[in-house]
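Each chain, written out:
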Amino acid sequence: MPHHGVAEALRRHRDDLIDLALLWLSLQAPGWIDDRMGVPAVAQVVAMLAAAFCLPRKPAPPLAPGRRALARLPGKLLALAGSAAVFLLWFGFPARSLAFAPVWIGLLLGRPPAEAAVRRAARWPWGARLRAAGAAAQRLSRGCRLDLFAGAALIVGGGGWIASKLVTPGMPGGWTAAGLGLAGLLIVYALALRRAARRQGDSYAENLRWIALAAGAGWLLHRYATRAQYGTDDARWYATMLADFRAQIRAGVLPVSIGQSPWQFNGAVFSFRIAPAYHYLGALLDQLTLRTLEPYALQHLLLLGIGAVALFSAYACLASLLPERRWTAAALAWLWLVCPGVAGIVFNTDLYMTWTTLPAVPWIVLGWVRIWSESEEPAGWLNLGLGLGWAWWGHTPMAVWLSFFTGTLGAAWLAARRPGPVRLARAAGGAALCLGLAAFPAASYLTAIRRIGLGPQGFSATSPGTIYYFVQQAFPSVLLPVSARGRQLGDFQLGWALWAGLALTAAQAVRSRRAGLVALATIGGLVVLLLTPVPHLTYPIWRMLPAFIRDATTNWAMNRLYLILASVAAVGAAAALGGAGRPAPRWALVATALLLWSTREAGKFSRLAPIDDGSDAAQMLPENTAITRNAYVVFPKIPAYFSEGVVNPALENRLTDADGRPFLTNADAAAVAARTVWIGGFRVVGDSGDRFLELGKPLRLEPGWSYLVEFDYQSPKWAGVLQLSGPSLFRQYAMPDYGGPASFGAGGEHSRLLPLSTSGAQPENIRVRFLPKNPEALPGPGLPAWATVRLLAYDPSHLPIRVASWVPYRAWVSSPRASWLETPRVFQQGYRAKVNGAPSPVRGSPQGLAMLPVPRGESTVELRYDPGALYVAAFWFSLTGWIAVAGWGAWRALSSRRPPPAGSV
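If you're wondering where the values come from, they're calculated on a predicted model, not measured in any experiment.

Chemist: Outline the overall build of the protein, supporting the account with residue identities and numerical values.
Modeler: In terms of regular secondary structure, the protein is built from 29 helices and 19 strands. Counting all 905 residues of the protein, 50% fall into the buried class. Within the protein, contacts between residues at least 6 apart in sequence are counted, and of these 76% link residues at least 24 apart. Per element, the accessible surface of the protein, about 39,500 Å² overall, is 64% carbon and sulfur.

Spelled out as structure tokens, the structure:
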């Protein structure tokens, strides 16, 4: 049941709460009358905090309502005076922003007669009936356990709504998978309730906390319940990687080491090698949903699940520090998730790999606290071993920072404690657990570096000056409210609530000198210095850090460090509150205001973002996939054929001489053998204010046909954007070039051929436009300009290189002479080839692509990638470890019978 102390505090401070509610109402009222008189959100928070601090410290003596209101009036006038000074002198708001003041005073003075009228009305017959009905409803709610019904309703209702947004209409088995998933959640919910009842008897309040957290996670992340692209081009890249990964898993490839399918046909290793958790969890979710979700829907369901699990994980972590104040732990967990530096990971910059580390980071920070307490030391090393093991699977750069801080604290622990053999064995056990669980991502990272031919800094090399520059650019925005859309550099920040939590951690560390709190305060202070441009201090610190730390950070330190700082603030505040008495009511009111403010700020991340229910899902069709420059980011060289736009990987195969000079390409062969379907040109459309170029009629694509669009440029140097759009197709290319010098473009060595096709069952009409950078240079409407276009249809079976399979790469080659086959795969050590069943050497072409010799005439080719025995062994070793950890956790969850902590609710 709810804690009686809370009810008593509410009763004692009823007048204070009502006065604050009236203040909030008065702050809103001027804006309802006239938008120009509205009080900015920052000013509302200032006024509420000023009023909370001016409340009387002791309950007022018993007086008549009118006299009590007058006795409390001086404090209210003091709060108004302070607010006015801040509004006018500090923020520079106009005087009309004080229009709320007379409204509040009027409400305060009018409150006693209004309450008297309400009491008189309550004596009437209908008032007694309402009171009786309320009492009956309260008894019914306790008897029927509304917490059980609320949890089931949240699973069925909320889960059903999410399923309706993610399941593709008409997808066979889609709703079957959704029904099985909801049934599984209900079973897990029932088992969790049974365990909670066994551990702590009446679990009413605990159930409500978990239900509230689940509902909060759904509210924050509900925008991801969509089958369409949500976010920037990075979101599309992650979906492309996930589509490739699940295609390989479906083909029986395990473990996955490089990209192979049409979604990553170039053999990409980034981000497979530095963030395997995102891909393997996505593939597991694909199997659990019976392979019914499109890539975007699968990606978004994964993000929703990780967000909810992270919030639950944070609450469990913080509740272990506050066993008698679990509502406070739930509030801190919520503040942690809605922190702009945490929620912004998925909303602000689409850092989906970093998002997968969220469930582990609070436990790692908790481990930093626990290792300094002798009674909790074993659990602390266990926290660190499990948490860091998962962090390495989630995202290598985050794991580097977390391991750096853990190693620093571990060295300090050794120096300060001088532990004996038993305590050293515990620390060694935690380290061994981490190394065992993280063996696969470590081996994956190291083998990738060696096989690509890069040094340890090859993935990214960042200078301290660049990092410091962006820290300067974000300041002082990191101390201000989040921007309207939540996607500015300064929107990666800690937020006012967790700044207060960090200050509380530091103050309690100084006061109590508890080693765990001192450790957290020290790390928090260092991170604050790294993120704050302090002259002659911040830049030298970045220079002193090891190069591998800076390289893992990349250019934007806030993307990595605010998650750690938020976790330090939340865990530190919980540890500080756990060793202190209950705060004064005024501080509870301040904390409530900060909680509401932080929730409002978090709403900016998703409230204004667009939602489109499914039209962008066509981007993930193989004929519409653009692998972009991200697929080549860690390779030493990008081929001249590379394009940022969509290409047909089947046309990216070439026959070359021994020196790597192409003499026969699939694209040229297709153009020579193709038949012309249509010829037309671009015409100027629109008036002088908004003019562009458009083909005379749409290009009609028939199902099952392959097409090329050939451009004959009249003005090849024109800059602009070429757009092609249809019911299931949208592409755009920056002109005159959108990639390497031999990619599709205009002028120079650029190819004039653009591949098109449709996998739909119906013909598709494609609208083609050119949006010039300078429309003023266009001639009058209706006149031809820029280029003439030919639509060519070709038969893929007549190509000299016919790809039969991408996973693995298999092709039939018809060569007019002995030559070399240049594949679209980027060369790295580990490729093994067979030509007509016999082993064949593989080497890198001048473009950095894998090439192998083929004889004259017809031949069959197979190209496979062997990741090596170390890679495979490390994968199965780590996977076995995680299965054992999951089994151990499930056994403990189902068999635990521990009594509840004293005073827990």
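Once the structure has been displayed, the description carries forward.
Chemist: How would you explain the sheet that holds strand β1 (residues 654-656) if you had to name every residue and give the values?
Modeler: Taken together, the five strands give an open sheet; going across it, the order is β2-β1-β14-β18-β17, and neighbouring strands pair in antiparallel fashion. The outermost strands of the open sheet, each flanked by one partner alone, are β2 (662-665) and β17 (843-844). Direction of pairing for strand β14 (residues 819-826) relative to strand β18 (residues 849-854): antiparallel, over a ladder of five bridges. Residue pairing for β18: Trp820 is matched across the bridge by Pro853.

Chemist: So what's going on with helix α14 (residues 340-347)? Residues and values would help.
Modeler: α14 sits mainly inside the fold: eight of its eight residues count as buried. Regarding α14, the residues found buried are Pro340, Gly341, Val342, Ala343, Gly344, Ile345, Val346 and Phe347.

Chemist: Hey, could you go over the sheet that holds strand β13 (residues 809-815) for me, with residue numbers and the actual values?
Modeler: The five strands lie next to each other as β12-β13-β19-β15-β16, forming an open sheet whose pairing is antiparallel. Of all strands in the sheet, those bounded by a partner on one side alone are β12 (801-806) and β16 (838-840). For this sheet, the mean angle separating the axes of adjacent strands, direction not counted, is 25°.

Chemist: Just give me the short version of helix α21 (residues 464-474), but keep the residues and values in it.
Modeler: What α21 keeps buried is the set Pro464, Ile467, Tyr468, Phe470, Val471 and Ala474. In a view along the axis of α21, the buried residues occupy a sector of 160°, so they form one face of it. Summarising the contacts, the buried residues of α21 are in contact with α23 (515-531), α24 (538-544), α25 (547-553) and α26 (558-578).

Chemist: I'd like a rundown of the environment of Lys697, residues and numbers included.
Modeler: Relative to the elements of secondary structure, Lys697 occurs in the loop between β4 (692-695) and β5 (699-701). Sequence-wise, Lys697 and Arg767 are 70 residues apart; in three dimensions their C-alpha atoms are separated by 7.4 Å.

Chemist: I'd like a description of the packing of helix α18 (residues 396-417) against α26, backed by residues and values.
Modeler: At a minimum axis separation of 10 Å, α18 and α26 run at an interaxial angle of 50°. Between α18 and α26, the interaxial angle falls into the category oblique. The two elements α18 and α26 meet at a crossing, and its hand is right-handed. Listed contacts from α26 to Pro397, Met398, Trp401, Leu402 and Phe405 of α18 are Arg560, Leu561, Leu563 and Ile564.

Chemist: Summarise the confidence of the model for the protein; cite the residues concerned and give the values.
Modeler: Chain-level statistics for the protein give a pLDDT mean of 85 and a share of 84% at 70 or above. Here residues 611-615 is a poorly scored stretch, pLDDT under 50, and it has eight contacts once near neighbours within four places are set aside; other chains count. Every residue in residues 897-905 is under pLDDT 50, and counting partners more than four places away or in other chains gives 21 contacts.

Chemist: Tell me about unusual backbone geometry, and please be specific about residues and values.
Modeler: Pro255 follows Leu254 through a cis peptide bond whose omega is 0°. Relative to the helices and strands, Pro255 resides in the loop between α10 (233-250) and α11 (276-288). Residues Val807 and Pro808 are joined by a peptide bond in cis, for which omega reads -5°. Although it is not a glycine, Thr554 sits at a positive phi angle of roughly 60°. If you trace the backbone, Thr554 turns up in the loop between α25 and α26. Within the chain, Asn836 stands out as a residue other than glycine whose phi angle is a positive 55°. Assignment of secondary structure puts Asn836 in the loop between β15 (831-835) and β16.

Chemist: Tell me what's going on with the packing of aromatic side chains, and back it up with residues and numbers.
Modeler: Think of a pair of aromatic rings as described by two things: how far the centres are apart, and how the planes are tilted against each other in angle. For the structure shown, the criterion picks out 44 aromatic pairs. With centroids separated by 6.2 Å and ring planes inclined at 45°, the aromatic side chains of Trp219 and Trp334 adopt a geometry described as tilted. Residue Trp219 is located in helix α9 (residues 204-221), and its partner Trp334 is located in helix α13 (residues 326-338); the two are separated by 115 residues in the primary sequence. Trp219 sits in the partly exposed class, given a relative accessible area of 38%. For Trp334, a relative accessible area of 11% corresponds to the buried category. With a centroid separation of 5.8 Å and an interplanar angle of 65°, the aromatic rings of Trp806 and Tyr809 are classed as edge-to-face. Within the aromatic cluster, the residues linked to one another by ring pairs are Phe245, Phe272, Tyr280, Trp393, Phe440, Tyr871, Phe875 and Trp876.

Conventions and cut-offs
- Residues numbered from 1 in each chain as written.
- Predicted model: local features only at pLDDT ≥ 70, side-chain atom pairs only at ≥ 80, totals over all residues.
- Heavy atoms only, no water.
- Helix = DSSP H or I, 4+ residues; strand = E, 2+ residues; numbered from the N terminus.
- Buried < 20%, exposed > 50% of the residue type's maximum accessible area, 1.4 Å probe, protein only.
- Contact = heavy atoms within 4.5 Å.
- Areas by Shrake-Rupley, 256 points an atom, 1.4 Å probe, with all protein chains shown as cover.
- Pairing = 2+ DSSP bridges.
- Axes fitted to C-alpha atoms, helices over the stretch in contact; angles between N-to-C directions.
- Arc of directions from axis to C-beta.
- Parallel < 35°, antiparallel > 145°, perpendicular 65-115°, else oblique.
- Left-handed = near helix turned anticlockwise from the far one by under 90°.
- pLDDT = per-residue confidence, 0-100.
- Phe/Tyr/Trp six-rings, centres within 6.5 Å; stacked < 30°, edge-to-face > 60°.

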